[in-house]
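# Summary of structural features
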Amino acid sequence: MTQLLISEVAPRDGLQSIKSIMPTAAKCRWIAALADAGLKEIEVASFVPARLLPQMADAAELVRFARGIPDLHVACLAPNLKGAQAAFEAGAHKVTMPVSVSEAHSLANVRKTHAQIIEEVRQVVELRNRLYPGVAIEAGLSTAFGCTLAGAISDDEVMRIAETVARCGVDEVGLSDTSGYANPTQIRRLFRRLQQELGDKAGGAHLHNTMGLGLANVVAALEVDVKTFDSSQAGIGGCPYAPGATGNIVTEDLVFMLEAMGYDTGIDLDKLLAARDILAGALPDETLYGYTAAAGIPKNFSPRAKA
């Protein structure tokens, strides 16, 4: 039976776009509940200046807390060398660096040109190799399927950036549909090419749901053997520097679909919905999304019924 990895990104990607500050204690309860539901990888925070993103001021504390949860792979995001070093020191198992294929988005998001962010990636890999050899580094290629600022993105440009960061020594290169504009044909084509050109360094899919095609894009990615998917509980999130982009695909809906299709996610859907209650209680004024939570789990639902 094929087992997939669902990487929960709501504590980072979800909360970064929410104005209400979720208390650290509530974040810890939520992360623990997500892990108890069976999520094996959680992106708990982003190492950015607190003055720019107060929601992430407790990043190091969250990494240290999550490191205490047995068998949990603790991930975080770092946009530069300083952030990566802080993540390494806090004890993250995996650090993702966002590398925008659209230079316009890169300038808006991290204030760096392609040349500058690629040099930053090289420095982070060098630091990891020298002092923190056990930490995985992923380059997440933002706006790989289109950009609200720059428009269409060519496959050749995606591959050029992917090959460049791979040569820098990152462990994997994932593709992000930051604007939520991707369609299944595009997903199949680009991931197939990524796999052909990068081999074992070809990573997973980070999909937003702006146009309602998120789950359709998951199915397309499965067809070309993608096995890792980022998702966000309750579909919270988005990208502050991709105007109009909405949140990630909803973890609960993704788990329901995959389990019904016969895939092993290792996630208990009832416990996952219970973790959602912690989020709702901590952020009562925020809108939460998801068809599974609204409809409820069908009484005749049996995980992997079609396996």
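This text follows the structure it describes.
## Let's talk about the overall build of the protein chain
In terms of helices and strands, the protein chain carries 12 helices and eight strands. Considering only C-alpha atoms, the protein chain reaches an extent of 55 × 40 × 35 Å along its principal axes. Out of the 307 residues belonging to the protein chain, those deemed buried represent 54%. Across the protein chain, the fraction of contacts at a sequence separation of at least 24, relative to all contacts at a separation of at least 6, is 74%. Accessible surface, the protein chain: about 12,600 Å² in total, of which carbon and sulfur atoms supply 50%. Of the side chains in the protein chain, 28 bear a positive and 35 a negative charge, and the two mean positions are spaced by 2 Å.

## Structural notes on the layout of surface pockets
Over the atoms, a rolled probe matching the size of one water molecule traces out where space is still vacant. Taken as a whole, the second largest pocket encloses approximately 420 Å³ of empty space. In terms of lining, the second largest pocket is formed by 20 residues, of which the most central are Asn 209, Gly 235, Asn 248, Val 250 and Tyr 289.

## Some remarks on the environment of Val 135
Its location among the elements puts Val 135 in the loop between helix H6 (114–131) and strand E5 (136–142). Sequence spacing of Val 135 and Trp 30 is 105 residues, and the spatial spacing of their C-alpha atoms is 24 Å. Beyond its immediate chain neighbours, meaning those up to four positions away, Val 135 contacts Phe 88, Ala 92, His 93, Lys 94, Val 95, Arg 128 and Asp 171.

## Details of helix H11 (residues 269–282)
Each turn of an α-helix holds 3.6 residues, which means side chains three or four residues apart point in the same direction. Across its 14 residues, H11 extends 20 Å between first and last C-alpha, which sits within 8% of the 20 Å expected from 1.5 Å per residue. For H11, the complete set of buried residues consists of Leu 269, Leu 272, Leu 273, Ala 275, Arg 276 and Leu 279. For H11, the angular spread of the buried residues around the axis is 155°, confining them to a single face. Exposed side chains of H11 directed beyond 90 degrees from the buried face belong to Asp 270, Asp 277 and Gly 281. For H11, the side-chain oxygen to backbone nitrogen distance between the N-cap and Asp 270 is 3.0 Å, and the N-cap itself is Asp 268.

## Remarks on the side chain of Asp 13
Mapped onto the fold, Asp 13 is located in helix H1 (residues 10–14). A residue is classified by how much of its surface remains accessible, and Asp 13, at 3% relative accessible area, is buried. At a separation of 2.9 Å, a polar atom in the side chain of Asp 13 contacts the side chain of His 206.

## Some points on a nonpolar patch on the surface
There is a patch of nonpolar side chains on the surface, built from Tyr 181, Met 211 and Leu 213 and spanning about 290 Å² of accessible area. Relative to the assigned elements, Leu 213 resides in the loop between strand E7 (202–207) and helix H9 (214–223).

## Observations concerning the sheet that holds strand E1 (residues 5–8)
In space, the eight strands of this closed barrel follow the order E1-E2-E3-E4-E5-E6-E7-E8, with parallel pairing throughout. The average undirected angle you get between the axes of adjacent strands in this sheet is 30°. Across four bridges, strand E6 (residues 172–177) lies against E7 in parallel orientation. Along E7, the bridge assignment pairs Asp 177 with Leu 207. Together, strand E4 (94–100), E5 and E6 form the strand contacts of helix H7 (residues 155–167), whose direction differs from that of E5 by roughly 165°. Its contacts with the sheet place helix H8 (residues 184–198) against E6 and E7, and it is angled at close to 155° to E7.

## Comments concerning the pairing of E7
The two faces of a sheet get side chains in turn, since along a regular strand they alternate between them. Burial within E7 is extensive, with five of its six residues counted as buried. Taken together, E6, H8 and E7 constitute a β-α-β crossover, and its handedness is right-handed. Judged from the two bridges that link them, E7 and strand E8 (residues 228–231) form a sheet pairing that is parallel. Paired with His 206 across the strands is Asp 230, a residue of E8. Taken together, E7, H9 and E8 form a β-α-β motif whose crossover is right-handed.

## Description of the pattern of salt bridges
Applying the stated criterion to the full structure yields 17 salt bridges. Among the salt bridges present, the one from Asp 58 reaches Lys 27, with a minimum N-O distance of 3.1 Å. A residue pair is termed long-range when its members are at least 10 positions apart, and Asp 58 in the loop between strand E2 (41–46) and helix H3 (59–67) and Lys 27 in helix H2 (residues 24–36) qualify at 31 residues. Pair check on accessibility: Asp 58 and Lys 27 agree, each one buried. It is possible to trace a salt-bridge network through shared partners that takes in Glu 41, Lys 94, Glu 138 and Glu 172.

## Section: the side chain of Gln 233
Relative to the assigned elements, Gln 233 resides in the loop between E8 and helix H10 (251–261). Those residues in contact with Gln 233 that lie beyond four places of it in its chain are Glu 8, Ala 10, Trp 30, Leu 34, Thr 251, Glu 252, Leu 272, Ala 275, Arg 276 and Leu 279.

## Regarding the pairing of E8
Pairing of E1 with E8 involves four bridges; the strand directions are parallel. The residue bridging Leu 5 from the neighbouring strand is Thr 228, located in E8.

Criteria and thresholds
- Residues numbered from 1 in each chain as written.
- Predicted model: local features only at pLDDT ≥ 70, side-chain atom pairs only at ≥ 80, totals over all residues.
- Heavy atoms only, no water.
- Helix = DSSP H or I, 4+ residues; strand = E, 2+ residues; numbered from the N terminus.
- Buried < 20%, exposed > 50% of the residue type's maximum accessible area, 1.4 Å probe, protein only.
- Contact = heavy atoms within 4.5 Å.
- Areas by Shrake-Rupley, 256 points an atom, 1.4 Å probe, with all protein chains shown as cover.
- Lys, Arg positive; Asp, Glu negative; His and termini not counted.
- Charge placed at Lys NZ, Arg CZ, Asp CG, Glu CD.
- 1 Å grid on protein atoms, 1.4 Å probe; cavity = no way out; pocket = protein on both sides within 12 Å on 5 of 7 lines; lining within 4 Å.
- Points joined across faces, edges and corners; volume = space filled by probe spheres on them.
- Expected span 1.5 Å × (residues − 1).
- Arc of directions from axis to C-beta.
- Polar contact = N/O pair within 3.5 Å; in protein donor to acceptor, adjacent residues only side chain to side chain.
- Patch = residues over 30% accessible without salt bridge, like charges linked within 9 Å, V, L, I, M, F, W, Y side chains within 5 Å.
- Salt bridge = Lys/Arg side-chain N within 4 Å of Asp/Glu carboxyl O.
- Pairing = 2+ DSSP bridges.
- Axes fitted to C-alpha atoms, helices over the stretch in contact; angles between N-to-C directions.
- Right-handed = clockwise from strand over helix to strand, strands pointing away.

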